[in-house]
Amino acid sequence: MSADHPAPASPANDAEPVVITVDAADPRYGFGVDVGGSGVKGGIVDLKTGELVGDRFKITTPQPATPDAVAATVAQIVDHFGWTGRVGITLPSVVAGRIVRSAANIDKAWIGIDPYELFGRHLSSPALSVLNDADAAGLAEVEYGTNDDAVDGVIIMLTLGTGIGSAVLLPGGQLLPNTELGHLQVDGEEAEAQASSRAKEVNEWSYKHWAGKLSRVLAEYEMLFSPALFIVGGGISRKAHKWTPLLTNSTPVVPANLRNTAGIVGAAMAAEAGMRP
Ligand code: BGC
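The structure reproduced in this document is the subject of the present report. All figures in this text were calculated on a predicted structure; none of them were measured in a lab.

1. What about the overall build of the protein?
Step number 1: Helix and strand counts for the protein stand at 8 helices and 14 strands.
Step number 2: Since a compact globule built from 277 residues should have a radius of gyration of about 19 Å, the 18 Å found for the protein is in line with a globular shape.
Step number 3: Summarising its shape, the C-alpha atoms of the protein cover approximately 50 × 45 × 35 Å along the three principal directions.
Step number 4: Counting every position in the protein, which comprises 277 residues, the buried fraction comes to 53%.
Step number 5: Expressed as a percentage of contacts within the protein between residues at least 6 apart in sequence, the contacts between residues at least 24 apart total 62%.

2. Some remarks on the nonpolar core
A general tendency of soluble globular proteins is for nonpolar side chains to be buried together.
Step number 1: Core analysis: the largest hydrophobic core is formed by 37 residues, its most contacted members being Val74, Trp83 and Phe119.
Step number 2: Mapped onto this core, the elements with two or more residues apiece are strand 1 (29-35), strand 2 (39-46), strand 3 (51-60), helix 1 (67-80), strand 4 (87-91), helix 2 (115-122) and strand 7 (128-132).
Step number 3: In terms of residue count, the dominant contributor to this core is helix 1 (6 residues).
Step number 4: The residues contacting tryptophan 83, other than those within four sequence positions of it, are Val22, Ala24, Tyr29, Gly30, Phe31, Ile44 and Val78.

3. Things to note about the pairing of strand 4
Step number 1: Within strand 4, 5 of the 5 residues are buried, leaving the element largely enclosed by the surrounding structure.
Step number 2: Side-chain alternation along strand 4 places Val87, Ile89 and Leu91 on one buried face and Gly88 and Thr90 on a second face that is also buried.
Step number 3: Note: strand 1 against strand 4, 3 bridges, orientation parallel. Bridging across to strand 4, valine 33 finds its partner in isoleucine 89.
Step number 4: By the bridge criterion, 5 bridges tie strand 4 to strand 7 in an arrangement that is parallel. By the bridge assignment for strand 7, threonine 90 is matched with leucine 131.

4. Quick look at the sheet that holds strand 3
Paired through their backbone hydrogen bonds, the strands of a sheet run either parallel or antiparallel.
Step number 1: Strands sit in the order 3-2-1-4-7 across an open sheet of 5 strands; the sheet is mixed. Single-partner strands in this sheet number two, and they are strand 3 and strand 7. Going from strand to strand, the sheet's axes swing by 20° on average, the running direction of each strand aside.
Step number 2: Running over the sheet, helix 2 touches strand 4 and strand 7 and is turned about 130° from strand 7.
Step number 3: Running at roughly 125° to strand 1, helix 8 (residues 262-273) makes contact with strand 1, strand 2, strand 3, strand 4 and strand 7 of the sheet.

5. Overview of helix 2
Step number 1: Along helix 2, the residues that are buried comprise Pro115, Tyr116, Leu118 and Phe119. Across the axial projection of helix 2, the buried residues extend over an arc of 160°, all falling on one side.
Step number 2: For helix 2, the secondary structure elements touched by its buried residues are helix 1, strand 4, strand 5 (95-96), strand 6 (99-100) and strand 7.
Step number 3: Taking the backbone nitrogen of tyrosine 116 as reference, a side-chain oxygen 2.8 Å away marks aspartate 114 as the first, capping residue of helix 2.

6. Concerning the environment of proline 227
Step number 1: Structurally, proline 227 is set in the loop between helix 6 (207-225) and strand 13 (229-233).
Step number 2: Taking the relative accessible area as the measure of exposure, proline 227 reaches 9% and is therefore buried.
Step number 3: For the pair formed by proline 227 and leucine 169, sequence separation is 58 residues and the distance between their alpha carbons is 9.4 Å.
Step number 4: Not counting residues within four places of it along the chain, the set of residues in contact with proline 227 comprises Val154, Ile156, Tyr221, Glu222 and Thr251.

So, how was this worked out
Residues numbered from 1 in each chain as written. Predicted model: local features only at pLDDT ≥ 70, side-chain atom pairs only at ≥ 80, totals over all residues. Heavy atoms only, no water. Helix = DSSP H or I, 4+ residues; strand = E, 2+ residues; numbered from the N terminus. Rg over C-alpha atoms; globule rule 2.2 N^0.38 Å. Buried < 20%, exposed > 50% of the residue type's maximum accessible area, 1.4 Å probe, protein only. Contact = heavy atoms within 4.5 Å. Core = buried A, V, L, I, M, F, W, Y, C linked by side-chain atoms within 4.5 Å. Pairing = 2+ DSSP bridges. Axes fitted to C-alpha atoms, helices over the stretch in contact; angles between N-to-C directions. Arc of directions from axis to C-beta. Polar contact = N/O pair within 3.5 Å; in protein donor to acceptor, adjacent residues only side chain to side chain.

What follows is the structure in structure tokens.
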């Protein structure tokens, strides 16, 4: 946190996250909420630095993760911060043309709904942006994370977790939304079934074996997009030093820098930009 932020309103402790009050009308600040299969996380974002202002606030994803239950949880997080400005929200879904078109790790009742109508009923925010979780993470990483100034070309960000999320960023940082590269068939099987971190875990593969699978998937992406850089996020990217040297691809692969705040930060950026993929 930079020195010129307002002072915390309450002391830090585990049960009571630090909540800092900022002026929602100040364009320096934004608000993002990242909806995942296990947790819904949100916080105030400093759009100048890409850092969170105070702590993020996390609530366990309601089960079943139906649209109204999740939207009520998102509203609880926004209210927790007393935030009244624009809000960006990620979903583990394809969100295109104001419609949620897929639902990974959340209730299938999401498919076909208008997320703006849904969140509009639960939040009093003046403007909303709803986008795919990996797209949000990619936007944030390219803007604030990886030092990509020297990268001349397409950047592909992959989140390796339960599935594989993807964000394709064009030169200049523009997002090609909803690429869903985790569902590409590689050697007769979906990429995420063989190269997500869950695939490594459930099959009890060594890093070496799993890196072989991931190299094969990345090679397919290289053939299709000729990227200049892959950025890898997700919990397993914390141990990237153990497996990136085992990859056989010609494109550089670097770990994400923003880690578990990327979705929140990217959501806030999308809201600020008025993005509605
Ligand atoms: C979904 C994507 C999502 C990714 C990460 C995939 O299974 O299809 O939409 O971005 O998981 O949550």
